[in-house]
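# Descriptive structure summary
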Amino acid sequence: METMKSNGSPLRDDNTRGKNKTRNILFLISYYTISHLSWKYSFLLFTYLSVLTISIDSNSSKVLAESIDTTDSPDTSSKKSAADITTTVAEELSTEAIWFGLGDVVTISTRQETPIGKAPSIVTVITAEMIKQLGYRSFVEILRTVPGFELLQAGGFGSTLIAARGLVGSGRVRLMINGHMVNNPLFGDAFRIFDDFPVGNIKRIEIIRGPGSAMYGENAFAGVINIITFDAKDIDGVRVSSGYGSFDTKEEDIVFGETYGKFDVSGMVHYMDSNGFDGVVESDSQTAIDEAIPTPPFPDVSQAPGRVEDWVRRYDLNLRVTYNDIYFEGMYVNKNRGSFLSPSLALTDESDVETNYVFAETGYKKTFEEKLTIRPRIYYDQFDNDFFMEIFPDGSTLPFDTNGDDKPDVFYTYPDGFIGDFAVTERGVGAETPFDYELFDGNLLTLGFEYRLINQTNIRTRNNFHPKTKVPLTSLQDFSDDFPFTKEVTRRMWSVYLQDTWDISDTLNLTLGVRHDEYNDFGNATSPRAGLTWAFIENASLKLLYGEAFHAPSFTQLFTTNQPTILGNPDLDPETIRSYEIGLSYTFNNRVTSSINYFYNDIRDLIDSVETQEDTGSVIRYENIEDAYVQGVETETKVDIAKGTYLFMNYSFKDTENDKGNDLGGIAQHTGNFGVNVRSWKYINTNLSAFFSGKRSRDDDPEEYRDDLPSYAVLNLSILARDFFKTMEVQGTVFNLLDKDYHDPATVAVPDDAPQPGRTFFVGLSYQF
């Protein structure tokens, strides 16, 4: 029956006409704005108008409901009270179920537990079960399955480079373990240490694809990753694992967790040793030098063709203890590895890159009257870096220009190679206190403060050449006092951040936030964010997101000095980014989950190394060299066929351009993953997955003459046997099943680029006590 106003006219029709008229006015405003303003400002205004329109709909519905007379008679009110309670509970559950991904709750986006479809970020979650099914043995391999992420092999220090949404540089991604940042201030990144972090203690990985500085500050530039480890209740005992694989790789793992009264104790002990990939480099930078200087009198000494130095050995210890609302966590990592190629991109065989890392953190959580929650924490980090680098091989002769005419006039020969032995320690201490206050039902305000101090000290510089003149020396000599390779400095940083998450209606959430970071060595940065998420129909969510972020210059980029080939720049500005995103997620018939998102990034003051002339000749110096623009589309789909059997696929498109109109080099415009997981028998799980990469463009370098790197695909197969004998599990994985030959991009000093592994295997066994 149609509801009537007092004059007899239909109330619903008037209400609808009013809403339609308001929508038309807003549409005209939007059209005019988009036509006359830049699209960036139009995006923000469109977001605001969307909120306003939906709010009008919501308010109009409330007005309509209030206008309908539903007064109960006295004899029916008591009967309805119980029904009202039941209905209210059902409505609350229904409201939560509206949000896509209700079963997958994340904390990385707002630091609060939030359904993934409601989180004001584009978020990927990788669970321990998924990791086990894929068969990956190190953390960084898992990232290849994430839309928008690529892995590249770096020369120099042998680490893995992360490319996130078209930007190459591991320092532009913030890595955390249980919320604790583990990026090394020396280089700015975490992947030199944690690229092969063991997967045995990983419960889940939460990843923000996009900026996160409004919550986390530095390094949260192109992405944020949080590794969450198992707690005592997850393990409830001891799990022992052992494995063997290609390149004489040996890995041992003990993960433990137990509850003792009010104490929960969990942790990990891990060891890994590998000879590493034995790929062959046909020509290196020493080859070019040999060809440029006369033979005789100077012999050719390049080790090319020769094998890269990719060996690695690491130890990990991790302990976490909780007592009621108090926790303590500590971690120790010792890692030694070869340099793959030397910093000069020459094949050498005596380099040893060692890092010792320790962190300790303790914190507390207290809630007052269910309204106010405080979570103070204090922490300590120490990175001990010791790099013995054979930069050029034994017997190398190097030409030098000493009179500044761009022509070599002096040739020095180094019988034992051109060697530098460098050591430095970074110690950091910090404190952070976030306050969460529920202003009213559905509105949570977060105010936080953080202070951190990092001291770079214990600098050691030893060379078998004079740092200033490059004259060869008969042995390593200490130049730590006169010519240190970096400076003793102290970085002080304080931050304040504010965030408000507001459930405007049952299906509409608005998140606003801003963070200000003040540094004593390069200035300050302010990072705002805005996110609107709307569950416009059941099992679907729409996201409109805006965020800004910054990347602080690393100590290497700022303070490197007295080096023959590279110099720091204390006048660097931080890199900045403005990001605009729109995402849509939907679940079809409870079996097919799919999402698509578009992003546009406006990037300023990118830092890179460029060649410049100094008094000692040509050197590489860090500069803010360019601006860039990156836009792209990312899609994901998962199809659940039966219990434990599913298909998964994703695709990423990235269009990059610097301010000269050229592509950003080194990354593929098209990448994707496709796989199938089959639980064919209750004891056997089989996973077949493939990674696809389109061709990769070259850097914008006037010396670059090579074609783009070709596209390639890598197929992996993993078979897992479990539950056939108590808690025993046996797994075998073959990576690059078809033995595809492919390379990662390197500079022209390595004409054939950096080789990557062919077919490899790993077999593991675990047992839970």
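Worth saying up front: this structure is predicted, and the values here are computed from it rather than measured.

### A short note on the overall build of the chain
Each helix and strand in the chain was counted, giving 10 helices and 42 strands. Pairs at least 24 apart in sequence give 64% of the contacts found in the chain among residues at least 6 apart. Entry remark: accessible area of the chain is about 34200 Å², with carbon and sulfur atoms responsible for 56%.

### Describing the side chain of Thr-355
If you trace the backbone, Thr-355 turns up in strand 18 (residues 352–364). Once you skip the residues sitting within four places of it in the chain, Thr-355 turns out to touch Ile-193, Val-333, Asn-334, Lys-335, Asp-384, Asn-385 and Phe-387.

### Overview of the sheet that holds strand 9 (residues 202–209)
Ordered in space as 3-9-10-7-8, the 5 strands form an open sheet in which the pairing is mixed. Only two strands of the sheet have a single neighbouring strand rather than two, namely strand 3 (123–127) and strand 8 (180–181).

### Structural notes on a negative patch on the surface
A contiguous patch of negative charge on the surface is contributed by Asp-405, Asp-406, Asp-409, Asp-608, Glu-611, Asp-699, Asp-700, Asp-701 and Glu-703. Its location among the elements puts Asp-608 in strand 33 (residues 592–614). Look at Asp-608 and you get partly exposed, because its relative accessible area is 38%.

### Let's talk about the pairing of strand 13 (residues 263–274)
Sheet topology note: the strand 12 (residues 249–260)/strand 13 ladder contains 11 bridges and is antiparallel. Across the sheet, the residue bridging to Thr-259 is Asp-264, located in strand 13. Where strand 12 folds back onto strand 13 in an antiparallel hairpin, the turn is made up of 2 residues, including Gly-261, whose phi is positive at roughly 65 degrees. In this structure, strand 13 lies alongside strand 16 (residues 312–323), joined through 12 bridges in antiparallel fashion. Among the inter-strand pairings, Val-269 is bridged to a residue of strand 16, identified as Leu-317.

### Things to note about the environment of Gly-158
Along the polypeptide, Gly-158 turns up in the loop between strand 4 (149–153) and strand 5 (160–164). Linking Gly-158 and Phe-340, residues 182 residues apart in sequence, is a C-alpha distance of 4.7 Å. Leaving out residues up to four positions away in the same chain, Gly-158 has contacts with Gln-153, Arg-337, Gly-338, Ser-339 and Phe-340.

### Comments concerning unusual backbone geometry
In this model, Thr-295 is joined to Pro-296 through a cis peptide bond whose omega is -10 degrees. Within the fold, Pro-296 resides in the loop between helix 9 (285–292) and strand 15 (306–307). Residue Pro-305 is bonded to the preceding Ala-304 through a cis peptide linkage, with omega at -5 degrees. Looking at the element boundaries, Pro-305 is found in the loop between helix 9 and strand 15.

### Quick word on the pattern of salt bridges
Side chains bearing opposite charge may pair, as long as their charged atoms lie close to each other. Taken as a whole and judged by the stated rule, the model has 46 salt bridges. Taking the shortest distance from any N to any O, the salt bridge between Asp-436 and Arg-375 comes out at 2.6 Å. Separated by 61 residues along the polypeptide, Asp-436 in strand 24 (residues 418–440) and Arg-375 in the loop between strand 20 (372–374) and strand 21 (377–392) bring together distant segments of the chain. The exposure class assigned to Asp-436 is buried, which follows from its relative accessible area of 4%. A residue is classified by how much of its surface remains accessible, and Arg-375, at 21% relative accessible area, is partly exposed. Overlapping salt bridges bring together Asp-195, Asp-196, Arg-314, Asp-316, Lys-335 and Arg-337 as one network.

### Some words on empty space enclosed by the protein
Summed over all chains, the structure comprises 7 cavities of 30 Å³ or more. Put simply, the largest cavity is a space of about 1000 Å³. Lining the largest cavity are 40 residues; nearest its centre among them are Ser-138, Glu-141, Asp-310, Pro-757 and Thr-760. When contributions to the lining of the largest cavity are tallied by element, the ones reaching two or more residues are helix 5 (139–143), strand 4, strand 12, strand 13, strand 38 (712–722) and strand 42 (760–768).

### Quick word on helix 9
Side chains of residues three or four places apart in an α-helix project in the same direction, reflecting 3.6 residues per turn. Within helix 9 the residues assigned to the buried category are Ser-285, Gln-286, Thr-287, Ile-289 and Asp-290. In the core, the buried residues of helix 9 are packed alongside strand 21 and strand 22 (396–400). Among the residues of helix 9, the N-terminal cap falls to Asp-284, whose side-chain oxygen and the backbone nitrogen of Gln-286 are separated by 3.2 Å.

### Considerations on the sheet that holds strand 5
Reading across from one edge, 4-5-6 is the order of the 3 strands in this open sheet, with antiparallel pairing throughout. The two strands at the open ends of the sheet, each matched to only one other strand, are strand 4 and strand 6 (167–168). As judged from the 2 bridges shared by strand 5 and strand 6, these two strands associate in the antiparallel manner. Across the sheet, Ala-164 pairs through a bridge with Leu-167, a residue of strand 6.

### Here we look at the packing of aromatic side chains
In the structure shown here, the tally under the stated rule is 29 aromatic pairs. For the ring pair Tyr-414 and Phe-418, a centre distance of 4.9 Å and an interplane angle of 80 degrees mean the geometry is edge-to-face. With respect to burial, Tyr-414 and Phe-418 carry one shared label: buried. Here Tyr-586 and Phe-588 contribute two aromatic rings whose centre-to-centre distance is 4.4 Å and whose plane-to-plane angle is 90 degrees, an arrangement assigned as edge-to-face. Owing to a relative accessible area of 38%, Phe-588 belongs among the partly exposed residues under this scheme. Each member of the aromatic cluster is reached from another via a ring pair, and the members are Phe-194, Phe-197, Tyr-357, Phe-359 and Phe-383. The lysine or arginine in question, Arg-144, covers the ring of Phe-691, its NZ or CZ lying 5.2 Å from the ring centre. Taking NZ or CZ as reference, Lys-638 lies 4.5 Å from the ring centre of Tyr-646, over its face.

Cut-offs applied
Residues numbered from 1 in each chain as written. Predicted model: local features only at pLDDT ≥ 70, side-chain atom pairs only at ≥ 80, totals over all residues. Heavy atoms only, no water. Helix = DSSP H or I, 4+ residues; strand = E, 2+ residues; numbered from the N terminus. Contact = heavy atoms within 4.5 Å. Areas by Shrake-Rupley, 256 points an atom, 1.4 Å probe, with all protein chains shown as cover. Pairing = 2+ DSSP bridges. Patch = residues over 30% accessible without salt bridge, like charges linked within 9 Å, V, L, I, M, F, W, Y side chains within 5 Å. Salt bridge = Lys/Arg side-chain N within 4 Å of Asp/Glu carboxyl O. Lys, Arg positive; Asp, Glu negative; His and termini not counted. Charge placed at Lys NZ, Arg CZ, Asp CG, Glu CD. Buried < 20%, exposed > 50% of the residue type's maximum accessible area, 1.4 Å probe, protein only. 1 Å grid on protein atoms, 1.4 Å probe; cavity = no way out; pocket = protein on both sides within 12 Å on 5 of 7 lines; lining within 4 Å. Points joined across faces, edges and corners; volume = space filled by probe spheres on them. Polar contact = N/O pair within 3.5 Å; in protein donor to acceptor, adjacent residues only side chain to side chain. Phe/Tyr/Trp six-rings, centres within 6.5 Å; stacked < 30°, edge-to-face > 60°. Lys NZ or Arg CZ within 6 Å of the ring centre and 35° of its normal.

Interpretation in functional terms is not warranted from these geometric data alone.
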